[in-house]
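Letter by letter, the chains look like this.
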Amino acid sequence: MSDSETGEEGYTRRIGRGMVVFAWVAVLGLLTVLFQPLLEQQVNPNREIVGQVDAQGAREVVLQRNRAGHYIATGLINQQPVVFLLDTGATDVAISSALADRLNVDRGRAVNVRTANGMTRAYRATLDQVSLGNITMNNVSASIMSGMGTTEVLLGMSFLKRLELTQKGSTLTLRQK
């Protein structure tokens, strides 16, 4: 065996290994692209909400609970898309400072609020418009939370108290008369 055959053989092996690594990376990338929508659907099964109007003229939205047992839905604040986490324990709609900046929501007076994580500083605000499916409300009270680390908006009682909520199994129906 000559040195040239050994060099060529080593080169061929390196190319072969490189091709195997590339194939695995390509397969993993393809699987990620294929399964990402399924994973997103499990987190937020209410990405495309279709509202309806019942016989009495009330607007209804039916939400599916996600795998973690939460009701997460895509909606709008001031005609900008957001992801809501329905939270009947929250007094107001709660948004992060970063999201408030993106939505151009003006901060009002500073207040101290009690959250599940203890006391924190928040700023009062009024959202011009909040929409969930075909349910839209104007002038909704909100709190801009300075330490809120989530990208989801907590859709609290300042919005939900104006609705009739009915939970059956893994669905929640929101009804606006």
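### Some remarks on the overall build of the protein chain
A count of helical and extended segments in the protein chain gives 3 helices and 11 strands. Walking the protein chain from its N terminus toward its C terminus, one meets helices and strands in the order α-β-β-β-β-β-α-β-β-β-β-α-β-β. Expressed as a percentage of its 177 residues, the buried residues of the protein chain come to 34%. A sequence separation of at least 24 residues applies to 56% of the contacts in the protein chain between residues at least 6 apart. Of the roughly 11,100 Å² of accessible surface on the protein chain, 53% is carried by carbon and sulfur atoms.

### Notes on the confidence of the model for the protein chain
Atomic detail in the predicted coordinates should be set aside for any region of low pLDDT. On average, residues of the protein chain score 87 in pLDDT, and 89% of them are at 70 or above. The secondary-structure element of the protein chain with the lowest mean pLDDT is helix 1 (residues 3-43), recorded at 71, while helix 3 (residues 157-160) shows the highest, at 97.

### Digging into the pairing of strand 6 (residues 110-115)
When a strand is regular, its side chains alternate between the sheet's two faces. Both strand 6 and strand 7 (residues 118-132) contribute to a ladder of 6 bridges, which runs antiparallel. Directly across from Ala110, in strand 7, lies its bridge partner Tyr123. Hairpin geometry of strand 6 and strand 7 is characterised by an intervening segment of 2 residues between the two adjacent antiparallel strands.

### What about the sheet that holds strand 2 (residues 59-64)?
Taken in spatial order, the 4 strands line up as 1-2-11-10 in an open sheet, and their pairing is antiparallel. Two strands bound the open sheet, and with one partner strand each, they are strand 1 (52-53) and strand 10 (164-168). Summarising the sheet, strand 10 and strand 11 (residues 171-176) pair through 5 bridges and their orientation is antiparallel. Bridge pairing links Lys168 to Thr171 in strand 11.

### Brief notes about a nonpolar patch on the surface
Side chains of Val20, Trp24, Val27 and Leu28 sit close together on the surface and give an oily, nonpolar patch of about 410 Å² of accessible area. Summarising the element assignment, Leu28 is placed in helix 1.

### Some details on the nonpolar core
Of all hydrophobic cores here, the largest spans 31 residues; its most connected members are Ile95 and Phe159. With 5 residues, the single largest contributor to this core is strand 8 (residues 135-145). With residues near it in sequence (within four places) discarded, Phe159 still touches Val93, Val130, Leu132, Ile135, Met137 and Val140. Formed by 6 residues, the second largest nonpolar core is a distinct cluster that contains Val111, Ala122, Met145 and Met148.

### Regarding the layout of surface pockets
Considering only enclosed or pocket space, the largest pocket measures out at about 560 Å³ in volume. Elements with a minimum of two residues in the lining of the largest pocket: strand 6, strand 7 and strand 8. Broken down by element, the lining of the largest pocket gets its largest block of residues, 4 residues, from strand 7. Tallied by class, residues from the lining of the largest pocket come to 8 nonpolar, 10 polar and 4 charged.

### So, the side chain of Asn134
With respect to the helices and strands, Asn134 occurs in the loop between strand 7 and strand 8. There is a polar contact of 3.2 Å between the side chain of Asn134 and the backbone oxygen of Gln52. With sequence-adjacent residues up to four places away left out, Asn134 is seen in contact with Gly51, Gln52, Val53, Arg59, Glu60 and Val61.

What counts and how
Residues numbered from 1 in each chain as written. Predicted model: local features only at pLDDT ≥ 70, side-chain atom pairs only at ≥ 80, totals over all residues. Heavy atoms only, no water. Helix = DSSP H or I, 4+ residues; strand = E, 2+ residues; numbered from the N terminus. Buried < 20%, exposed > 50% of the residue type's maximum accessible area, 1.4 Å probe, protein only. Contact = heavy atoms within 4.5 Å. Areas by Shrake-Rupley, 256 points an atom, 1.4 Å probe, with all protein chains shown as cover. pLDDT = per-residue confidence, 0-100. Pairing = 2+ DSSP bridges. Patch = residues over 30% accessible without salt bridge, like charges linked within 9 Å, V, L, I, M, F, W, Y side chains within 5 Å. Salt bridge = Lys/Arg side-chain N within 4 Å of Asp/Glu carboxyl O. Core = buried A, V, L, I, M, F, W, Y, C linked by side-chain atoms within 4.5 Å. 1 Å grid on protein atoms, 1.4 Å probe; cavity = no way out; pocket = protein on both sides within 12 Å on 5 of 7 lines; lining within 4 Å. Points joined across faces, edges and corners; volume = space filled by probe spheres on them. Nonpolar A, V, L, I, M, F, W, Y, C, P; charged D, E, K, R; others polar. Polar contact = N/O pair within 3.5 Å; in protein donor to acceptor, adjacent residues only side chain to side chain.

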